[in-house]
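Coordinate analysis (summary)
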There are 4 protein chains.
Amino acid sequence: MVGGGDGAFIGAVHRIAARLDDCYEFVAGALSSDAQRAIASGAALRLEPDRCYTDYREMARAEAAREDGIDVVAIVTPNYLHAPVATAFLEAGIHVICDKPLGITLAEGEALVDLARAKGLVFALTHTYSGYPMVRHARELVAAGAIGEVRQVHVEYAQDWMADAAAQDPAFQATDWHNDARRAGPTGCTGDIGTHAFHIAGFVSGIQPNELLAEMHSFTPNRALDDHVQVMLRYPNGARGTLWASQMAAGCENALKLRVFGTKASLAFDQEHPNELWITPQGGSAQRLTRGRVRGDAAEHATRIPSGHPEGYLEAFAQLYRDGAAQIHAMVAKQPPPADAAWLPAVEDGVAGLRFIDAVLESDRRGSRWVSL
Amino acid sequence: MVGGGDGAFIGAVHRIAARLDDCYEFVAGALSSDAQRAIASGAALRLEPDRCYTDYREMARAEAAREDGIDVVAIVTPNYLHAPVATAFLEAGIHVICDKPLGITLAEGEALVDLARAKGLVFALTHTYSGYPMVRHARELVAAGAIGEVRQVHVEYAQDWMADAAAQDPAFQATDWHNDARRAGPTGCTGDIGTHAFHIAGFVSGIQPNELLAEMHSFTPNRALDDHVQVMLRYPNGARGTLWASQMAAGCENALKLRVFGTKASLAFDQEHPNELWITPQGGSAQRLTRGRVRGDAAEHATRIPSGHPEGYLEAFAQLYRDGAAQIHAMVAKQPPPADAAWLPAVEDGVAGLRFIDAVLESDRRGSRWVSL
Amino acid sequence: MVGGGDGAFIGAVHRIAARLDDCYEFVAGALSSDAQRAIASGAALRLEPDRCYTDYREMARAEAAREDGIDVVAIVTPNYLHAPVATAFLEAGIHVICDKPLGITLAEGEALVDLARAKGLVFALTHTYSGYPMVRHARELVAAGAIGEVRQVHVEYAQDWMADAAAQDPAFQATDWHNDARRAGPTGCTGDIGTHAFHIAGFVSGIQPNELLAEMHSFTPNRALDDHVQVMLRYPNGARGTLWASQMAAGCENALKLRVFGTKASLAFDQEHPNELWITPQGGSAQRLTRGRVRGDAAEHATRIPSGHPEGYLEAFAQLYRDGAAQIHAMVAKQPPPADAAWLPAVEDGVAGLRFIDAVLESDRRGSRWVSL
Amino acid sequence: MVGGGDGAFIGAVHRIAARLDDCYEFVAGALSSDAQRAIASGAALRLEPDRCYTDYREMARAEAAREDGIDVVAIVTPNYLHAPVATAFLEAGIHVICDKPLGITLAEGEALVDLARAKGLVFALTHTYSGYPMVRHARELVAAGAIGEVRQVHVEYAQDWMADAAAQDPAFQATDWHNDARRAGPTGCTGDIGTHAFHIAGFVSGIQPNELLAEMHSFTPNRALDDHVQVMLRYPNGARGTLWASQMAAGCENALKLRVFGTKASLAFDQEHPNELWITPQGGSAQRLTRGRVRGDAAEHATRIPSGHPEGYLEAFAQLYRDGAAQIHAMVAKQPPPADAAWLPAVEDGVAGLRFIDAVLESDRRGSRWVSL
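Residues numbered from 1 in each chain as written. Chains lettered and ligands numbered in written order. Predicted model: local features only at pLDDT ≥ 70, side-chain atom pairs only at ≥ 80, totals over all residues. Heavy atoms only, no water.

A few words on the interface of chain B and chain C. Each partner contributes to the interface: chain B provides 34 residues, whereas chain C provides 34 residues. A combined buried area of about 2800 Å² lies between chain B and chain C, and 53% of that area is made up of carbon and sulfur atoms. A per-residue breakdown of the area chain B buries against chain C is headed by B:Arg19, B:Glu253 and B:Pro310, which together make up 21% of the total. Inspection of the chain B/chain C interface yields 21 residue pairs in polar contact (both at pLDDT 80 or more). For the side of chain B that touches chain C, the elements supplying multiple residues, two or more each, are α1 (9–20), β12 (286–290) and α12 (313–332) of chain B. Tallying contributions element by element places α1(B) first for the side of chain B that touches chain C, with 5 residues. When the residues that make up the side of chain B that touches chain C are grouped by side-chain class, the tally is 13 nonpolar, 9 polar and 12 charged. (Contact = heavy atoms within 4.5 Å. Buried area = accessible area lost by both parts, 1.4 Å probe. Polar contact = N/O pair within 3.5 Å; in protein donor to acceptor, adjacent residues only side chain to side chain. Helix = DSSP H or I, 4+ residues; strand = E, 2+ residues; numbered from the N terminus. Nonpolar A, V, L, I, M, F, W, Y, C, P; charged D, E, K, R; others polar.)

Attention shifts here to the relation of the copies chain B and chain A. Of the transformation placing chain B onto chain A, the axial shift is 0.0 Å and the rotation is 180°, giving an RMSD of 0.0 Å. Both copies of the chain, as the preceding transformation shows, are related through a two-fold rotation axis. Minimal C-alpha distance to the rotation axis in chain B is attained by B:Arg369, lying at 3.4 Å. Both copies share a contact surface, since 100% of the interface residues of chain B are interface residues in chain A too. (Least-squares fit on C-alpha atoms with pLDDT ≥ 70 in both.)

A separate point is the relation of the copies chain B and chain C. Once chain B is rotated about the relating axis by 180° and shifted along it by 0.0 Å, it coincides with chain C to within an RMSD of 0.0 Å. The residues that chain B uses at the interface reappear at the interface of chain C in 100% of cases, marking a shared surface.

With 43 residues of chain B at the contact, the number on the chain A side is 43 residues. Between chain B and chain A the total buried area reaches about 3400 Å² when both faces are included, carbon and sulfur atoms providing 50% of it. Where B:Arg234 meets A:Glu215, a salt bridge forms, and the shortest distance between an N and an O atom there is 2.6 Å. Counting across the chain B and chain A interface gives 30 residue pairs in polar contact (both at pLDDT 80 or more). Counting residues per element, the ones that place at least two in the side of chain B that touches chain A are β5 (150–158), β6 (211–217), β7 (228–234), β8 (240–246), β9 (255–262), β10 (265–270) and β11 (276–281) of chain B. Its residues placed into classes, the side of chain B that touches chain A shows 15 nonpolar, 18 polar and 10 charged. (Salt bridge = Lys/Arg side-chain N within 4 Å of Asp/Glu carboxyl O.)

Note on pairing: side chains with opposite charge can pair once their charged atoms come close. This structure, assessed with the given rule, holds 100 salt bridges over all chains. We note a salt bridge from B:Arg19 to C:Asp22, for which the minimum N-O separation is 3.7 Å. Here B:Arg19, found in helix α1, pairs with C:Asp22, found in the loop between α1 (9–20) and α2 (35–44), and the two come from separate chains. Among the charged side chains, a salt-bridge network with shared partners connects A:Asp21, A:Arg291, A:Arg304, A:Glu311 and A:Arg322.

Attention now goes to the domain arrangement of chain A. Residues and elements named next belong to chain A. With domains assigned, chain A is organised as domain 1 (2–121) and domain 2 (131–305 + 346–365). Centre-to-centre, using C-alpha coordinates, domain 1 lies 26 Å away from domain 2. On the domain 2 side, the residues contacting the 18 residues of domain 1 number 18 residues. Of the roughly 1500 Å² buried where domain 1 meets domain 2, counting both sides, 65% is carbon and sulfur surface. Linking domain 1 with domain 2 are 4 salt bridges, by the criterion used here. For glutamate 110, the salt bridge goes to arginine 355, with nearest N and O atoms at 2.9 Å. Our count for the contact surface shared by domain 1 and domain 2 stands at 6 residue pairs in polar contact (both at pLDDT 80 or more). Taken together, the elements giving at least two residues each to the side of domain 1 that touches domain 2 come down to α4 (79–91) and α5 (106–119). Here the side of domain 1 that touches domain 2 takes 7 residues from α5, the largest share from any one element. Split by residue class, the side of domain 1 that touches domain 2 holds 10 nonpolar, 4 polar and 4 charged. (Domains from an automatic or database assignment.)

Take the nonpolar core next. Counting residues in hydrophobic clusters, the biggest one holds 212 residues, and the most contacted among them are A:Phe89, A:Phe123, D:Phe89 and D:Phe123. In contact with D:Phe123, other than residues within four places in its own chain, are D:Ala86, D:Leu90, D:Val96, D:Cys98, D:Leu102, D:Leu112, D:Ala116, D:Pro345, D:Ala346 and D:Val347. Core analysis: the second largest hydrophobic core is formed by 211 residues, B:Val76, B:Leu212, C:Ala88 and C:Leu212 among them. (Core = buried A, V, L, I, M, F, W, Y, C linked by side-chain atoms within 4.5 Å. Buried < 20%, exposed > 50% of the residue type's maximum accessible area, 1.4 Å probe, protein only.)

Time to look at the side chain of C:Arg291. All names here are of chain C. Along the polypeptide, arginine 291 turns up in the loop between β12 (286–290) and α11 (297–301). In terms of polar contacts, arginine 291 uses its side chain to reach the side chain of threonine 303, at 2.7 Å. Residue contacts for arginine 291: discarding those within four places in its chain leaves Pro133, Met134, Asn275, Thr303, Ile305, Pro306, Ser307, Gly308, His309, Pro310 and Glu311.

Written out as structure tokens, the structure reads:
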């Protein structure tokens, strides 16, 4: 693991996710760019001292050289390091599981695609929400034609944490990397949660917009980056869509919601109630499909326990790790990756996210004009 | 009543609404532009033959001349007749309750404002959803500062009836007035339900956008008018908003939903569950306020029965009639209208709706540019 | 109308219900046992002075004698007067719409059955909740075998108003007729809301228990009557059930909920969301049926406006009045009552309710033993 | 681990739960009473061959003798083995985490209490649902007086799996241990899920009934054990309650629901939506408390990730393991167990469950008479 030292939320989540299905052992880390914190965090997590690195480049080199070196690295650093770290490990022949976004520029994202392909390595991107069984099932239903042709895609991702007094404190903003374009990339909310919304919309609907129009906004005084974005989408088949992401929506916790309307039916998914998926036929009555009760390869592959026993966010995250392990095992065995693990978001999805960010920036700069994706 | 003959949905609704609180007697009508249907409908509704008219102008003249003539007329015709009929009755000194939209051009709307003011008559516009107790309560909460300053307004109104096979039938479309720009006005979905969404957003939030950007669309092949519209809103105080209205959203019945986010809390209202209003403080837990349990003049004024005994759409509609009656009584008594009846949508709201329609049309024509409202 | 003078909640509800569908004219009343209040209330409701009575017996005589006398009387007095008043009007040849419970003793209830049959008059009992379209639909589904054979029936009716400080005030209890066995009958909560729960359970499930076991309780200090009751039910076909009614359940408004489980599926109805009915197949996914979308004679008969436009309690109440009018019209025309109005609760349902009350009393008295119904 | 070989649902759940928070290492097992299956399962789970036992007594002896022997055993066998296995390990000085129910007779349960106390060992019983953060929070709220004095406790646990064709198949019933009184104990549904319901009711409400009345039933033809039970409860403080558990409730997945009504407010928890807890004040509006947003030691102790990121059943289960580890660490360190881990269900809760089963059996046998607990 690179990043994820003491106090880092997402690092702990990655470690639980890796552990949950018993497919990984956590044996080495460069857990912080601060050497002292890296070492202390490693000790707290019971890493052997000699595998507790203070520099990710050194870690890539050293682990690649060991007989028992790591097979795969998890990257949970601030955004601006994703690409350099991933590059170092790919070049060392080590598979990568990287937090989103893929990087901060489209160019570095595209370079990673080339590198991962050239090296023949697995590159998983943790768009967590695609690991939910009912999101997988939604995708399977759409692909099977259950809702007909897609006409509308509406996705939203609303939080309120940035409007909290603590986050509005200028002193916090001056130091937190999420507010620093150099470390976070050129957007705030758009890259942080807008890309998740964009990904799940495409993951489920099976279609990608070819034009968008956007307005970014910051409600936070003097904030350089956006804390709010509204987007309209046009799809090649004539479908229309909207995307709204905000970190300034009072009362919202982690409200990622997707609705896909087709000619025959619509689907609705709410991340805060992930064991359910609603399907409503044109002119008909809503049905509440539940994890464990629906039959379908995709949902059954991504679930562990019976219906009525809720699974949650950590299980969705673990699913990505499980699919990553399956892909790596297949690669080692020189076999094609198993079909049911193939929906793991990959480096190409990361590039799509960076293209989305660039298009939002361009549209916003041009006064919310339609731009091509 | 003008319009509302046999088979007309909205006419029957107006009659129940007028009856519910026992403030009106139904005594005269020009119920159809088809003379035979007008007479048959009047008979079926037990009107006296001599007050069952075949022409609205004749009705205005005759009723104005009778000692026991009507005090108020309900207009439930196709859109293009709203303004001419209203004009005829206003000129005859008769109060008006008119279905929305106010008319088909901004000019005729503005003329009605002038006329109603000049005549000193009540002109109610039936934006039904503003009659719900919990919508009134929401407005009162916002006005009292309960959610702080408004930052975001998101409103949507989705239906699926136009995607039904019956409504998609070209033969139906060729005859139904909703598809005919001459009778319906220059928009379809935008005027039909978009104006309801626009009205409730302003009614509750207490703020009006000064800029919008829109894209209209028709999923129905060869339909002249829009069946779908997406709008972004900007407000003078920096607030942002979205409006989505669609009659092609599979599985949606009459899904009008409003969310208003402020600096302190957010509100959410869903027309299909009108006895509830959700309020969630910044960083806090949602509370489900219910009709009959909340204390507040506005909600208590607009309700009839105790909490837990659901009121619905007809009661909301009746509230507009009740408020109209209160305003007329006050006018007759040469007193100011009672405060609690003052929230009845009026001719000025109709003009605001027509301005909204014009702005949407202009933005759409210009490739979704921002336009002033 | 007998009872329902100024300030009486249920009288106002009956008047709205009678008015809503325009099947009744309100022309006469003995609105209070207090003569002055009776006259004042009649004047306020615009009754002609000569039809504003101070004694119900006089009203029955006088109205029966008039050529334009009333066809039907609505009885909304305290419980102990239901039977005497109904008797007076039946004997005068006038149809009856009576609030529940039918009376305070089983004997008087049985006498009313005999009298109504002998006179050939309509006797409607306002078990309001059976007027909801989705309750009618539920009954139709069960009767059509949609859930298979019924195995379990669980019904509950919870309120909290009696735990309010105002209702707990001994001064209030000393005067309110609900606390006075002489006027309310031998039970409190059991007769007041338990009978509603019992009725809807049988109405929908189509089966009646033949044994029950009960415990009554009063949480209110020194209250003579029960404010809480718990019941177990056994049915002839082996089905099992529970009934819980409480007026001391903090936070409950008017929470009448019914669940019926069959061999193939289950149904769930919640009175506070009356436009919905949930059906879930054995091993399957819940479906949310909605008023206006479901096809079926019973629901369509009992509805007025399209799906997504909520109907509520007053419309359910009005449905009973509408069905009563249809039965009376048929009787006048010497025709069989229309099939779709036949589900109106009648005097026999009132007797079933009184039998239920008696059985609860007996079981409770015997230490919650099983007793036959 | 004893039990939990290949194909056993609950064994896999225990292993994930133990792994999730990284407090345990899985190193030894007697995974099946079938020697071949025990060995194959151990190999599949990567146990060292010499710690893969075919007899639990041998395992207890051998592990106790090893320097690196296990500290704690997880027991996931059929019910009838719980007590013998636990006894063997306790006597060997090894802490125990045991699936519920504690055993099949009250006598063996009481013997385990004595033994565990005599040995000074931790004995955790996996009443999973008490591990949910919002269940912990509910208990904390009740204990802090937030709902006033408890008046009513209603708990239900409904499933439908036993009504499935597969479970109704006599061939299945003839072999499945859940249908065999010798292996499952004297009850079916009552012990299987009724004890969970009984435990959570006491865990949250903080009070225990002193009398109950019950009816057991089997809807399954020729089934020796109950598949359905209905219970009424009386508490020393005058509170009343009901408990309903059924495995024959069509459409129910794992529907454990608890409601506790106090003099000031009520609480409602639904296991299928475990990130929420509803609190409604007397006469007031419901509030939806959410995991991660509520402040309180108990909930914060039992949670891992921020609000809006759902946790589920596995995390609740893991909480019991985490609390068990904390207790064991404290014991090793000769310190009092940490307060926040003290709510772990223990051997005494198992005895209370066995007493509940005995009382239900006795009441049912006596025709649903009230019996003391």
